[in-house]
Amino acid sequence: AGLWTVFTLGGVGSKPASQLEQCSPLANQSLLLLLVLANLTDAPDMPNPYRQAIMSFKNTQDSTAFSSSNPHAFQINFNSLYTALCEQQKSDQATLLLYMLLHQNGNVRTYVLARTDIENLV
């Protein structure tokens, strides 16, 4: 067991797995995959569809009509997303996702800035 731990980079000097990795490894791996896919470079003739989706999703609680003109558009509950991001801010992956959402999705940025409990995120 000790030798296997060294081979899997869990040997001496490695940092322990974060709380997110221990309790939900599938969520952690899914978040990492989403971040990798969203940060792939665009092809000359076609933009990255994952980045387009990250840039354009909207709140399910928004009163404006949902436009399906963008093939990558979808809706998500921003309150649930905000709560999950607040709970996981000790994770580098969650912080990177928050950074990407704040910089690339105006809908998320507007929602976060309108929150009165932003200190939970900070």
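Quick caveat, the model's predicted, so the values are computed rather than measured.

1. What to know about the overall build of the chain
Counting its regular elements, the chain contains 7 helices and 2 strands. Sequence-ordered secondary structure for the chain, helices as α and strands as β, is α-α-α-α-β-β-α-α-α. The buried share among the 122 residues of the chain stands at 25%. Counted over contacts in the chain with a minimum sequence separation of 6, partners at least 24 positions apart contribute 44%.

2. Focus: helix α7 (residues 106-114)
Think of an α-helix as 3.6 residues a turn; residues three or four steps apart then line up on the same face. Along α7, the residues classified as buried are V108, Y111 and V112. Around the axis of α7, the buried residues are gathered within 95 degrees of arc, so they sit on the same side. Away from its buried face, by an angle of more than 90 degrees, α7 presents the exposed residues T110, L113 and A114. For α7, the elements touching its buried residues are β1 (58-59), α5 (78-87) and α6 (92-104). Backbone nitrogen of N107 and a side-chain oxygen of the N-cap are separated by 2.9 Å at the start of α7; the cap is N105.

3. What to know about the pattern of salt bridges
Where side chains of opposite charge bring their charged atoms close, a pairing between them can arise. Across all of its chains, the model carries 2 salt bridges by this definition. Residue D42 is joined to R51 by a salt bridge in which the shortest nitrogen-to-oxygen separation is 3.2 Å. Overall, the relative accessible area of 17% leaves R51 in the buried class. In this structure, D117 and R115 form a salt bridge, with 2.9 Å as the shortest nitrogen-oxygen distance.

4. Structural notes on the confidence of the model for the chain
Averaged over the chain, the pLDDT score is 80; the fraction of residues at 70 or greater is 75%. Across residues 1-7, confidence stays below pLDDT 50; counting only partners more than four residues off in sequence or on other chains, it has 3 contacts. Taken as a whole, residues 9-14 scores under 50 in pLDDT and shows 4 contacts with residues more than four places along the chain or in a different chain.

5. A few points about empty space enclosed by the protein
For the structure shown, the criterion picks out 1 cavity of 30 Å³ or more. What lines the largest cavity is F78, L81, Y82, L85, L98, V108, Y111 and V112. The element that contributes the greatest number of residues to the lining of the largest cavity is α5, accounting for 4 residues. Counted by class, the lining of the largest cavity contains 8 nonpolar, no polar and no charged residues.

Conventions used here
- Residues numbered from 1 in each chain as written.
- Predicted model: local features only at pLDDT ≥ 70, side-chain atom pairs only at ≥ 80, totals over all residues.
- Heavy atoms only, no water.
- Helix = DSSP H or I, 4+ residues; strand = E, 2+ residues; numbered from the N terminus.
- Buried < 20%, exposed > 50% of the residue type's maximum accessible area, 1.4 Å probe, protein only.
- Contact = heavy atoms within 4.5 Å.
- Arc of directions from axis to C-beta.
- Polar contact = N/O pair within 3.5 Å; in protein donor to acceptor, adjacent residues only side chain to side chain.
- Salt bridge = Lys/Arg side-chain N within 4 Å of Asp/Glu carboxyl O.
- pLDDT = per-residue confidence, 0-100.
- 1 Å grid on protein atoms, 1.4 Å probe; cavity = no way out; pocket = protein on both sides within 12 Å on 5 of 7 lines; lining within 4 Å.
- Points joined across faces, edges and corners; volume = space filled by probe spheres on them.
- Nonpolar A, V, L, I, M, F, W, Y, C, P; charged D, E, K, R; others polar.

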